[in-house]
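What follows is each chain in one-letter form.
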Amino acid sequence: MSKITINELGKLQVPSNPTIPFIEGDGVGGEITPAMQQIVNAAVQKAYHGEKVIQWKEVLAGEKAYKTTDNWLPNETISAFEDYLVGIKGPLTTPIGGGIRSLNVALRQTLDLYVCLRPVRWFQGVSSPIKEPQKVDMHIFRENTEDIYAGIEWEAGTKEANKFYSFIKEEMNVDSVRFPESSAFGVKPVSKEGSKRLIRAACKYALEHNLPTVTLVHKGNIMKFTEGGFKKWGYELIEKEFAQELKDGKLVVNDCIADAFLQNTLLKPQDYSVIATLNLNGDYISDQLAAMVGGIGIAPGGNINYNTGHALFEATHGTAPDIAGENTVNPCSIILSANLMLDYMGWSKAAKLIVDALEYHFKKGYATHDLARFMPNGKSLSTSDFTEKIVQYIKTR
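Keep in mind that what you see is a predicted model, and the values were worked out from it rather than measured. (Residues numbered from 1 in each chain as written. Predicted model: local features only at pLDDT ≥ 70, side-chain atom pairs only at ≥ 80, totals over all residues. Heavy atoms only, no water.)

Asks: Hey, could you go over the overall build of the protein for me, with residue numbers and the actual values?
Replies: Regarding its fold elements, the protein presents 14 helices and 16 strands. Here the C-alpha coordinates of the protein stretch approximately 70 × 55 × 50 Å along the principal axes. Across the 397 residues that make up the protein, the buried fraction comes to 51%. In the protein, the proportion of contacts linking residues at least 24 apart, taken out of those at least 6 apart, comes to 73%. Of the side-chain charges in the protein, 42 are positive and 46 negative, and the distance between the mean point of each set is 6 Å. (Helix = DSSP H or I, 4+ residues; strand = E, 2+ residues; numbered from the N terminus. Buried < 20%, exposed > 50% of the residue type's maximum accessible area, 1.4 Å probe, protein only. Contact = heavy atoms within 4.5 Å. Lys, Arg positive; Asp, Glu negative; His and termini not counted. Charge placed at Lys NZ, Arg CZ, Asp CG, Glu CD.)

Written out as C-alpha cells, the structure reads:
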C-alpha cells in the first residue's frame, strides 16, 4: 500500500496510487460514503486515464466499531490515519455515557488537526434565503483544538464548582460573580502557539490561492486576554512573518468583532474571503454561512495539520438516523469534502470535474429532495440516482 508522505519542506508527496483510509460513518454514512467513493473514482479515472487511482482502506469508528470491537475508536484507526496522513470519514454517533465526549473531537485532538477548514460558496441552481448568494465565497479557518474543545467545566452546585469559586474569590480577588451558589463555571484555554499556527495557515492559504483578504474574527472587546490575545498574537505574527507580503499588497489583513462579522456576512459578504477565528466563533460562522448558500448538506469540511501533513476530511452534518436506509440522503457534503481532499493532494483536475458535475446538475434542478424541493425547477432524485447522474456526467465529459 502506497503512503502519502511529507518532505522536509512541508510539501505533500502523493504517489500515483495512494491508500486513503476511510470511516464509513453511522446512520446515513452507509449511503453517502459509497456514493462519494463512486464519484471520486470516476473523476480520478477520467482526469488521469488510469495513471492515478485511490486505494480505499476501511477503518472503524463509531457504532460499527463498537459492535465489532467493543471500542468506539480503536487504536488501529488512529494508527491508520497517523500512518497514511490523509483520510476521510462519514458522520459519527457520539456515545452516550461513554468516556469520549465526542469521537470527532477525539480524532481532531489526537491527530492535532488544528485547522478546521470550511470553504463556503454558492452553487448556481441551489435555493438560498438571501438575495445575492453569489457574493458568498469564504474560506473559514476555525481553530480546532483549543477554546471550547479544550474547555473545562464545573456543574452548578457541585463541590468542584464551589471550590473553584472559592479560589477565584479568595486567591484572585474576583467579586463579579452575581449568583455564585447557583453558577456553573467554565474555562476556555487559548494559547499564543495555537493562535499563531492557525493564523499562519490562513495567511499561507490566502497567498497560495490568490485570495484578497484575511480577517481575524474575535470577541476581544469583552474577552481581552483570550479572544483579544488571538487578535494581538495574530497581528504580531503577520507583521513578523509576512511583512514583505503586506508591503507588496499581496496580503491584506483586518479584524472584526464576532457579532459585527455575523451581521456583515449578510450585509456585505463580498468583503470577506479568508476567515481566521477561534473554535466557538467558527462553529457559529460556518453554520450561518452554510445556511446562506443552501444548507449544511452542501458544506464541506477538512481537519488539517499543515505542519505534519495529517488531514481528515468529513461530512459536516450528523448521522440522520431518521432517514438512514431510505435512499434519500443528500451526499453532497462528503462529496465536496472529498473534492477538498483531492485539492489538498494536488489532484485538482479531478476535483474540478466533481464541482463542474454538481453545478451542472443543480442548474438543471437535479438534486436530492432536501435541495430539489426549494428549486424552481427542482427534480427530486434518490441518493443512488443522483450519484449515478454525477458519475455518468463525469465519464462522458
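Next comes the rest of the account.
Asks: An account of the environment of Glu314 is requested, with residue identities and associated values reported.
Replies: Tracing the backbone shows Glu314 in strand S14 (residues 311-315). For Glu314, the contacting residues outside a window of four places in its chain are Ile88, Lys89, Asn104, Arg108, Gly301, Asn303, Ser333 and Ser337. In terms of polar contacts, Glu314 uses its side chain to reach the side chain of Lys89, at 3.3 Å. Of note is the side chain of Glu314, whose polar atom sits 3.1 Å from the side chain of Asn303. (Polar contact = N/O pair within 3.5 Å; in protein donor to acceptor, adjacent residues only side chain to side chain.)

Asks: Could you give an account of the side chain of His317, with specific residues and numbers?
Replies: Within the secondary structure, His317 is located in the loop between S14 and helix H11 (332-345). The residues touching His317, leaving out its near neighbours within four places in the chain, are Val28, Ile32, Pro91, Ile296, Asn330 and Ser333.

Asks: For H11, give the residues involved together with the corresponding values.
Replies: Helix length check: H11 (14 residues) gives 20 Å between terminal C-alpha atoms against 20 Å at 1.5 Å per residue, within 8%. Taking burial as the measure, the 14 residues of H11 include 13 buried ones, the bulk of the element. The first or second residue beyond H11 is Gly346, which carries a positive phi of 90 degrees. (Expected span 1.5 Å × (residues − 1).)

Asks: Provide a residue-level description of the packing of aromatic side chains, including the pertinent values.
Replies: Within the structure shown, the criterion is met by 14 aromatic pairs. When the centroid spacing of 6.3 Å and the interplanar angle of 20 degrees are considered together, the rings of Tyr165 and Phe185 count as stacked. One end of the pair, Tyr165, is in helix H5 (residues 159-170); the other, Phe185, is in strand S9 (residues 185-187), and 20 residues separate them in sequence. Ring centres of Tyr360 and Tyr393 lie 4.6 Å apart, and the angle between their planes is 25 degrees; this geometry places the pair in the stacked category. Taken together, the positions of Tyr360 in helix H12 (residues 348-364) and Tyr393 in helix H14 (residues 383-395) put the pair 33 residues apart, joining distant regions of the chain. Taking relative accessible area as the criterion, Tyr360 reaches 36% and is therefore assigned partly exposed. Linked through ring pairs, Phe141, Tyr205, Tyr306, Phe313 and Tyr344 together constitute an aromatic cluster. (Phe/Tyr/Trp six-rings, centres within 6.5 Å; stacked < 30°, edge-to-face > 60°.)

Asks: Now, about the pairing of strand S13 (residues 300-304): what can you tell me, with residues and values included?
Replies: A large share of S13 lies buried, amounting to five of its five residues. Alternating positions in S13 separate into two faces, Pro300, Gly302 and Ile304 on one and Gly301 and Asn303 on the other, with burial throughout. In this structure, the hairpin formed by S13 and S14 is closed by a connection of six residues, where Gly309 is found at a positive phi of approximately 90 degrees. (Pairing = 2+ DSSP bridges.)

Asks: Give a description of the sheet that holds strand S5 (residues 86-89) that names residues and reports values.
Replies: Here ten strands make up an open sheet; going across it, the order is S4-S3-S5-S14-S13-S6-S7-S12-S10-S11 and the pairing mixed. On the outer flanks of this sheet lie strand S4 (55-58) and strand S11 (253-257), each paired with one strand and no other. Sheet twist, expressed as the mean angle between neighbouring strand axes with direction ignored, is 25 degrees. Where S13 meets S14, five bridges bridge the pair, whose relative direction is antiparallel. Note on S14: the bridge partner recorded for Pro300 is Ala315. Its contacts with the sheet place helix H4 (residues 103-110) against strand S3 (19-23), S5, S13 and S14, and it is angled at close to 165 degrees to S14. (Axes fitted to C-alpha atoms, helices over the stretch in contact; angles between N-to-C directions.)

Asks: I'd like to hear about the environment of Thr328, residue by residue, with values.
Replies: Tracing the backbone through its elements, the reader meets Thr328 in the loop between S14 and H11. Judged by relative accessible area, Thr328 falls into the partly exposed class, the value being 35%. Each C-alpha atom of the pair Thr328 and Val28 lies 9.3 Å from the other, and the pair is 300 residues apart in sequence.

Asks: An account of the pattern of salt bridges is requested, with residue identities and associated values reported.
Replies: This model, assessed by the stated rule, comprises 15 salt bridges. When salt bridges with common partners are traced through the structure, they connect Glu24, Glu58 and Lys64 into a single cluster. (Salt bridge = Lys/Arg side-chain N within 4 Å of Asp/Glu carboxyl O.)

Asks: Just give me the short version of the pairing of strand S6 (residues 115-121), but keep the residues and values in it.
Replies: Where burial is concerned, most of S6 is hidden: six out of the seven residues are buried. As judged from the seven bridges shared by S6 and strand S7 (residues 137-143), these two strands associate in the antiparallel manner. When the bridges of S7 are listed, Val115 appears paired with Glu143. Examined bridge by bridge, S6 and S13 share three bridges and lie antiparallel to one another. In the sheet register, Leu117 faces S13, and the bridge partner there is Gly302.

Asks: For the state of the cysteines, give the residues involved together with the corresponding values.
Replies: Applying the stated criterion across every chain yields a total of zero disulfides. We note that Cys256 lacks a disulfide partner, and the nearest cysteine sulfur, in Cys203, lies 16 Å from it. The closest cysteine sulfur to the non-disulfide-bonded Cys332 is located on Cys116, 19 Å from its own sulfur. (Disulfide = S-S within 2.5 Å.)

Asks: I'd like to hear about the packing of helix H1 (residues 29-48) against H14, residue by residue, with values.
Replies: Where H1 contacts H14, the axes come no closer than 9 Å and their chain directions differ by 5 degrees. Taken together, H1 and H14 sit at an angle that is classed as roughly parallel. Of the residues in H14, those in contact with Glu31, Ala35, Gln38, Ile39, Ala42, Ala43 and Lys46 of H1 are Thr383, Thr387, Ile390, Val391, Ile394 and Lys395. A class-by-class count of the residues in the contact of H1 with H14 yields seven nonpolar, three polar and three charged. (Parallel < 35°, antiparallel > 145°, perpendicular 65-115°, else oblique. Nonpolar A, V, L, I, M, F, W, Y, C, P; charged D, E, K, R; others polar.)

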